[in-house]
Amino acid sequence: MSLLLLIDGYNVIPPVAPPGRGADPNWLQRERMQFIQRLCHHLQESLRRRTCIVFDAADPPRDRSSRFSVDELRVVFAVGYAEADDLLEEIIADHSAPKQLAVVSSDRRVQAAANRRGATAYDSQDWLDQLLDGRVQVAPSQQAKVRREGKGSGQDSDAKPDIDREDPKSGFGDTEQWLRDFGF
């Protein structure tokens, strides 16, 4: 299955001023994890499996790989890239079905890359507001499917699609292979 939701991580995290001198050095990691947990709470399992959050690699977690999952949600730090936007653009360019992809970023460069491929681009703050109001925005071609899968208990059924995160056809294309080849 291909990626449905691609999120520009630091672009969506509500702005938080860095703490003053002497503050906890793990404040940014806590902010990231709070955001990831919020997404896990609001996204159905079937959508979490097809979602990737990309963060700049300037301050990746010290205790984790630069690529990991939290409750089926993929988290990637753009190690080897000048900034996350470069990796986001590459993922968008390599996506096998871009009209099914929703890209969440307020960065005009990332939005333009999404639009060029026919993906749906959402402004970060608007998307986050909708998410917190219980309205998950995905590409228009996927909206009915996401609503249908979310009926009932608020989570999707026990049927789990067979998704191999290591499969380069999973929407990461050459980027996924590159990450594996270099040990990420």
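What counts, and at which threshold
- Residues numbered from 1 in each chain as written.
- Predicted model: local features only at pLDDT ≥ 70, side-chain atom pairs only at ≥ 80, totals over all residues.
- Heavy atoms only, no water.
- Helix = DSSP H or I, 4+ residues; strand = E, 2+ residues; numbered from the N terminus.
- Buried < 20%, exposed > 50% of the residue type's maximum accessible area, 1.4 Å probe, protein only.
- Contact = heavy atoms within 4.5 Å.
- Areas by Shrake-Rupley, 256 points an atom, 1.4 Å probe, with all protein chains shown as cover.
- Phe/Tyr/Trp six-rings, centres within 6.5 Å; stacked < 30°, edge-to-face > 60°.
- Polar contact = N/O pair within 3.5 Å; in protein donor to acceptor, adjacent residues only side chain to side chain.
- Core = buried A, V, L, I, M, F, W, Y, C linked by side-chain atoms within 4.5 Å.
- Pairing = 2+ DSSP bridges.
- Axes fitted to C-alpha atoms, helices over the stretch in contact; angles between N-to-C directions.
- pLDDT = per-residue confidence, 0-100.

1. Quick word on the overall build of the protein chain
Now for step 1: For the protein chain, the helix and strand inventory stands at eight helices and six strands.
Now for step 2: For the protein chain, the succession of helices and strands along the chain, N to C, is β-α-α-α-β-β-β-α-β-α-β-α-α-α.
Now for step 3: Across the 184 residues of the protein chain, 43% fall into the buried class.
Now for step 4: In the protein chain, the share of contacts with a sequence separation of at least 24, taken over all contacts with a separation of at least 6, comes to 61%.
Now for step 5: Accessible area of the protein chain: about 9,200 Å², with a carbon and sulfur share of 47%.

2. What to know about the packing of aromatic side chains
Now for step 1: This model, assessed by the stated rule, comprises three aromatic pairs.
Now for step 2: Their ring planes at 25° and their centres at 5.4 Å tell us that Phe55 and Phe77 sit as a pair that is stacked. A residue pair is termed long-range when its members are at least 10 positions apart, and Phe55 in strand S2 (residues 51-55) and Phe77 in strand S4 (residues 73-77) qualify at 22 residues.
Now for step 3: Of the aromatic side chains, those joined through ring pairs into one cluster are Tyr10, Phe55, Phe68 and Phe77.

3. So, the side chain of Thr51
Now for step 1: Along the chain, Thr51 turns up in strand S2.
Now for step 2: Within the local environment of Thr51, its side chain forms a polar contact with the backbone oxygen of Leu47, the two atoms lying 2.6 Å apart.
Now for step 3: Sequence-distant contacts of Thr51, defined by excluding residues within four places in its chain, comprise Leu3, Leu5, Ile7, Leu43, Leu73 and Arg74.

4. What to know about the nonpolar core
Now for step 1: Counting residues in each nonpolar core, the largest one holds 25 residues, and the members touching the most others are Ile7, Phe35 and Leu39.
Now for step 2: Those elements that place two or more of their residues in this core are strand S1 (5-8), helix H2 (27-42), S2, strand S3 (67-70), S4, strand S5 (102-104) and helix H6 (124-132).
Now for step 3: Residue contributions to this core peak at four residues, all from H2.
Now for step 4: Listed in part, the 18 residues of the second largest apolar core include Cys52, Val76, Ala78 and Leu88.

5. Let's talk about the sheet that holds S5
Now for step 1: Strand order in the open sheet made by the six strands is S3-S4-S2-S1-S5-S6, with mixed pairing throughout. Of all the strands in the sheet, just S3 and strand S6 (120-122) have a single pairing partner and so form its edges. Direction aside, neighbouring strands of the sheet carry axes that sit 20° apart on average.
Now for step 2: Where S3 meets S4, four bridges bridge the pair, whose relative direction is antiparallel. From the neighbouring strand, Val70 faces S4, where its bridge partner is Leu73.
Now for step 3: Strands in contact with helix H5 (residues 108-117) are S1, S5 and S6; relative to S6, the strand with the most contacts, it is inclined by about 160°.

6. Considerations on unusual backbone geometry
Now for step 1: For Asp71, which is not glycine, the phi dihedral falls at a positive 45°.
Now for step 2: When you line up the elements, Asp71 lands in the loop between S3 and S4.
Now for step 3: Even without being a glycine, Glu72 presents a positive backbone phi close to 75°.
Now for step 4: In this structure, Glu72 sits in the loop between S3 and S4.

7. Describing the confidence of the model for the protein chain
Now for step 1: On average, residues of the protein chain carry a pLDDT of 78, and 71% of them reach 70 or more.
Now for step 2: Every residue in residues 177-184 is under pLDDT 50, and counting partners more than four places away or in other chains gives 15 contacts.

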